[in-house]
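Structural overview
Residue strings, one per chain:
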Amino acid sequence: MPNKESGLAPGALFVAALGLWLTANSHAAAAANADHGKVVFQNCAACHSDKPGAIGPSLRGVVGRKSGSVEGFHYSGAMAHANLTWDEANLRDYIANPQAKVRGNRMPYGGLTNPGDLDDLIAYLKDYK
Ligand code: HEC
């Protein structure tokens, strides 16, 4: 019966693909990848550049910095008074959901929710100085 054989092959392929996917994913969870974080940062770079007149404040050295503290950047009142230190936990919460973390801030960004991307982005930001 040729049908039986051709029915098996796609199933086996699926199992193999699932195995590959799981391997790739557990690897991402094990070690944050700053190189991939640099790619994720492209979502931020258009606004957070070092150019004068950039829409957002520079994120160089942001890890460990006080919120609202870039000299010369005109923050919203909400961000100016947020009184946070951008440690990993605060950054993670803010980037995942900016309005929930700092209500009324004016970063026009909806949030980055993929946990692997968030890990990698923060790993990149730690080295971004
Ligand atoms: C469309 C423009 C835009 C994009 C895209 C954007 N931001 Fe922002 N970001 C801003 C603005 C504007 C502010 C200042 C908010 C305020 O003053 O209320 C800000 C503020 C911040 C702050 C606080 C900085 C400080 O000095 O206190 C962090 C951290 C931050 N953004 C991270 C990110 C990250 C990470 C991404 C990408 C995942 C991102 N932003 C994407 C515009 C943007």
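The present account deals with the structure reproduced in this document.

Rules behind the numbers
- Each chain has its residues counted from 1, following the order in which its sequence is written.
- Per-residue local features of the predicted model are confined to residues with pLDDT of at least 70, and side-chain atom pairs are confined, for both listing and counting, to 80 or more; whole-chain, interface and lining totals are unaffected and use all residues.
- Under the scheme used here, helices are H or I runs from DSSP no shorter than 4 residues and strands are E runs no shorter than 2 residues, and both carry numbers assigned from the N terminus.
- As a rule, residues whose C-beta atom has 12 or fewer other C-beta atoms within 10 Å are exposed, those with 20 or more are buried, and those in between are partly exposed; C-beta atoms are placed from the backbone.
- Two residues qualify as being in contact provided that their C-beta atoms, derived from the backbone, are within 7 Å of each other.
- Each helix should span, by expectation, one fewer than its residue count multiplied by 1.5 Å.
- All residues are tested the same way: a C-beta atom is placed from the backbone, and lying within 6 Å of a molecule or strand makes the residue near it.
- The convention used is that axes are lines fitted to C-alpha atoms, helices contributing only their stretch in contact, and that angles between N-to-C directions extend from 0 to 180 degrees.
- Roughly parallel refers to an angle under 35 degrees, roughly antiparallel to one over 145, roughly perpendicular to one between 65 and 115, and oblique to any angle outside these ranges.
- Each crossing is labelled by how the near helix is turned from the far one, with a counterclockwise turn of less than a right angle marking it left-handed and a clockwise turn marking it right-handed.
- By the convention adopted, Pro, Cys, Tyr, Trp, Phe, Met, Ile, Leu, Val and Ala count as nonpolar, Lys, Arg, Asp and Glu as charged, and the other residues, Gly among them, as polar.
- Starting at the helix axis, one direction is taken to each C-beta atom, and the arc is that of these directions.

Attention shifts here to the overall build of the protein. When its secondary structure is counted, the protein shows seven helices and zero strands. Counting helices and strands in the order they occur from the N terminus, the protein gives α-α-α-α-α-α-α. Expressed as a percentage of its 129 residues, the buried residues of the protein come to 16%. In the protein, once contacts between residues fewer than 6 apart in sequence are set aside, the share between residues at least 24 apart is 50%.

Across its 13 residues, helix H7 (residues 115–127) extends 19 Å between first and last C-alpha, which sits within 8% of the 18 Å expected from 1.5 Å per residue. Along H7, the positions that sit buried rather than exposed are Leu118, Asp119, Asp120, Leu121, Ile122, Ala123, Tyr124 and Leu125.

Neighbouring residues of the ligand: 28 residues in total, closest Cys44, Cys47, Gly56, Ser76 and Asn105. Elements with a minimum of two residues in the shell around the ligand: helix H3 (42–45), helix H4 (77–80) and helix H5 (88–96). Top contributing element to the shell around the ligand by residue count: H5, with three residues.

Turning next to the environment of Val62. Relative to the assigned elements, Val62 resides in the loop between H3 and H4. Judged by the 19 C-beta atoms lying within 10 Å of it, Val62 is partly exposed. Along the primary structure Val62 and Lys126 are separated by 64 residues, whereas in three dimensions their C-alpha atoms are 7.8 Å apart. Beyond its immediate stretch of four places on either side in the chain, Val62 contacts Trp86 and Leu125.

The description of two helices packed together rests on the angle between their axes and the distance between the axes. Between H5 and H7, the shortest axis-to-axis distance is 11 Å and the interhelical angle comes to 130 degrees. If you check the angle between H5 and H7, you find them oblique. Every pair of crossing elements has a handedness; the one defined by H5 and H7 is right-handed. Between H5, through Glu88, Leu91, Arg92, Ile95 and Ala96, and H7, the contact on the second element is made entirely by Leu118, Leu121 and Ile122. Of the residues that constitute the contact of H5 with H7, the class distribution is six nonpolar, no polar and two charged.

Attention now moves to H5. Each α-helix turn comprises 3.6 residues. Residues three or four places apart therefore point the same way. Where H5 is concerned, the buried positions are Leu91, Tyr94 and Ile95. For H5, the angular spread of the buried residues around the axis is 95 degrees, confining them to a single face. On its buried side, H5 packs onto helix H6 (98–101) and H7.

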